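Structural characterization, general
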2 protein chains.
Amino acid sequence: LLTENQRGRIEVVLVSPRNPLNIGAAARAMANFGFARLAVVAPYAPPWREARSAVGAPELLEAAAETATLAEAVSGCALVVGTGTLTYRKPEQPVVPLPDLAPFVLRELARGSRVAVVFGPENHGLSRQDLSYCHMLVEIPTDPHQPSMNLGQAVAVCLYELASRVCSAETSAAGPGGGGQPATSGSLDRLAGVVEETMQAASYSSRSRQTRHEEARHDLRLLLRRVALTERDIRRILGLFRRILWRLKRGD
Amino acid sequence: LLTENQRGRIEVVLVSPRNPLNIGAAARAMANFGFARLAVVAPYAPPWREARSAVGAPELLEAAAETATLAEAVSGCALVVGTGTLTYRKPEQPVVPLPDLAPFVLRELARGSRVAVVFGPENHGLSRQDLSYCHMLVEIPTDPHQPSMNLGQAVAVCLYELASRVCSAETSAAGPGGGGQPATSGSLDRLAGVVEETMQAASYSSRSRQTRHEEARHDLRLLLRRVALTERDIRRILGLFRRILWRLKRGD
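Description of the structure in this document. Here the structure is a predicted model, which is why all the values come from computation and not from measurement. (Residues numbered from 1 in each chain as written. Chains lettered and ligands numbered in written order. Predicted model: local features only at pLDDT ≥ 70, side-chain atom pairs only at ≥ 80, totals over all residues. Heavy atoms only, no water.)

**Focus on the overall build of chain A**
- Looking only at helices and strands, one finds eleven helices and seven strands in chain A.
- Total accessible area on chain A stands at roughly 12,100 Å², and carbon and sulfur atoms take up 53% of it. (Helix = DSSP H or I, 4+ residues; strand = E, 2+ residues; numbered from the N terminus. Areas by Shrake-Rupley, 256 points an atom, 1.4 Å probe, with all protein chains shown as cover.)

Here it is in structure tokens:
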């Protein structure tokens, strides 16, 4: 089973939940399986207030972090796992069935990194932009006739899997690793920002319209998450880009 | 993964559920994981009505069996698995952690038998009498500080485990088996009835008071479930006891 220290490095993130009962159920499942770190992104104020003040609400609801964006909520995490039904979308990153998730999570935990498991709003799940912050997606193997799970139940199933299955993965998850501390989501965002600034400074843009600009940002986010950079990689690349940027700006 | 035929032989049994939302959540989890057979024992009428008439309620709620006793609900099953928190009770039968349940279930399914997974009422779980109809208890590995799960979430976690984990158990579960069709819960109850009648006819009772009589029945139920009888065993033993009974009564 996971140690307390490992559980303390797994973050549950709820994006804009709408139903206070679901928020309460998610928190209860966390308490059931020994997880304590909850972050809520851009919550609707009334249900969030109601869930926190419910009788018998777990303490972790009171202690939950509240952020305006998913980027902030996961900025300290080296592995961000998105959840949801993939029936209606074509995912742009690797998809892992929930029963196979444990080794990936354990590898990051063994390196001392933080991991986030992200759940979308009840009605439509994680948006395409939310998903672009995820390194991988996990799919709960549900029936094609009724694929969409209730939020509180989905959280319970995912945390049960993590709490009880990671043990058997422990040995096989030592893995290659090696190359230093994996980059956190926040470091990747910082790098993306500098790359983008450099592209602008260099007037590099094959496509000029604003909508295309958003698309390019989206693709860059996904690319940076796919290549498994370490913090040292990030420092090096940042150094290079900052240098380029300085030269470009001096040249103006 | 489980075949449709195998899923069709797994029965979910809710004993006296009180909250219509929980009933709905249990049914939804069943639909999510491809299970269709629900039985409800001695339901409280208003929440049961409300759950069945809820907007978007899965079809399986409409088709659910309704019985007065747990004995009736599981009478066709060769393996009855009780669920619940065991923190406050000392179980009288084997306890299996949920992650280890699959091989036991699969062995029965491979023999063509039916299996029931039984969930108790929200407030206090399965009673001691309910538990005496169970061949084994399954324990969801929850945190000792918050062991008690919400009913809908407990159903989701158990069915996820069964739906997704049985595959890997498939090979190891061929097991010994051999000795013919395992006895169903109903056959065991029939045998218990005849044994009891025989004991009365023989005026066999080391303990005379009515309360003790209930205790003896309880112990007999547990014993019959512990010894893994087949239907053929039952027929033989029944034959013997009926013969004894006939002799005893003729002798009166």
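**Some points on unusual backbone geometry**
- Unlike most non-glycine residues, Ser16(A) shows phi in positive territory, near 40 degrees.
- Secondary-structure assignment places Ser16(A) in the loop between strand 1 (10–15) and helix 2 (20–32).

**Some words on the packing of aromatic side chains**
- Scanning the model with the defined rule gives three aromatic pairs over all chains in all.
- Ring pairs connect the aromatic residues Phe33(A), Tyr160(A), Phe33(B) and Tyr160(B), which therefore count as one cluster.
- Taking the ring centre of Tyr44(A) as reference, the NZ or CZ of Arg18(A) above it sits at 3.8 Å. (Phe/Tyr/Trp six-rings, centres within 6.5 Å; stacked < 30°, edge-to-face > 60°. Lys NZ or Arg CZ within 6 Å of the ring centre and 35° of its normal.)

**With respect to the interface of chain B and chain A**
- Facing 28 residues of chain B, the contacting portion of chain A comprises 28 residues.
- A buried area of about 2,300 Å², summed over both sides, lies between chain B and chain A, and 55% of it is on carbon and sulfur atoms.
- Counting every contact that joins chain B to chain A gives zero salt bridges.
- Here chain B and chain A share 16 residue pairs in polar contact (both at pLDDT 80 or more) between them.
- Breaking the side of chain B that touches chain A down by element, the ones donating at least two residues are helix 2 (20–32) and helix 8 (151–169) of chain B.
- No other element matches the eight residues that helix 8 of chain B contributes to the side of chain B that touches chain A.
- Its residues placed into classes, the side of chain B that touches chain A shows 15 nonpolar, nine polar and four charged. (Contact = heavy atoms within 4.5 Å. Buried area = accessible area lost by both parts, 1.4 Å probe. Salt bridge = Lys/Arg side-chain N within 4 Å of Asp/Glu carboxyl O. Polar contact = N/O pair within 3.5 Å; in protein donor to acceptor, adjacent residues only side chain to side chain. Nonpolar A, V, L, I, M, F, W, Y, C, P; charged D, E, K, R; others polar.)

**Observations regarding the sheet that holds strand 4 (residues 79–83) of chain B**
Residues and elements named next belong to chain B.
- Spatial ordering of the open sheet is given by 3-2-1-6-4-7-5, a layout of seven strands whose pairing is parallel. Where the open sheet ends on each side, the last strands, each with one partner, are strand 3 (65–67) and strand 5 (95–97). Adjacent strand axes in the sheet meet at a mean angle of 25 degrees, parallel and antiparallel pairs treated alike.
- Summarising the sheet, strand 1 (residues 10–15) and strand 6 (residues 115–119) pair through five bridges and their orientation is parallel. From the neighbouring strand, Leu14 faces strand 6, where its bridge partner is Phe119. (Pairing = 2+ DSSP bridges. Axes fitted to C-alpha atoms, helices over the stretch in contact; angles between N-to-C directions.)

**Some words on the side chain of Gln153(A)**
- Mapped onto the elements of the fold, Gln153(A) is located in helix 8 (residues 151–169).
- Given a relative accessible area of 1%, Gln153(A) falls into the buried group.
- Those residues in contact with Gln153(A) that lie beyond four places of it in its chain are Ala25(B), Ala26(B), Ala29(B), Gly152(B), Gln153(B) and Ala156(B). (Buried < 20%, exposed > 50% of the residue type's maximum accessible area, 1.4 Å probe, protein only.)

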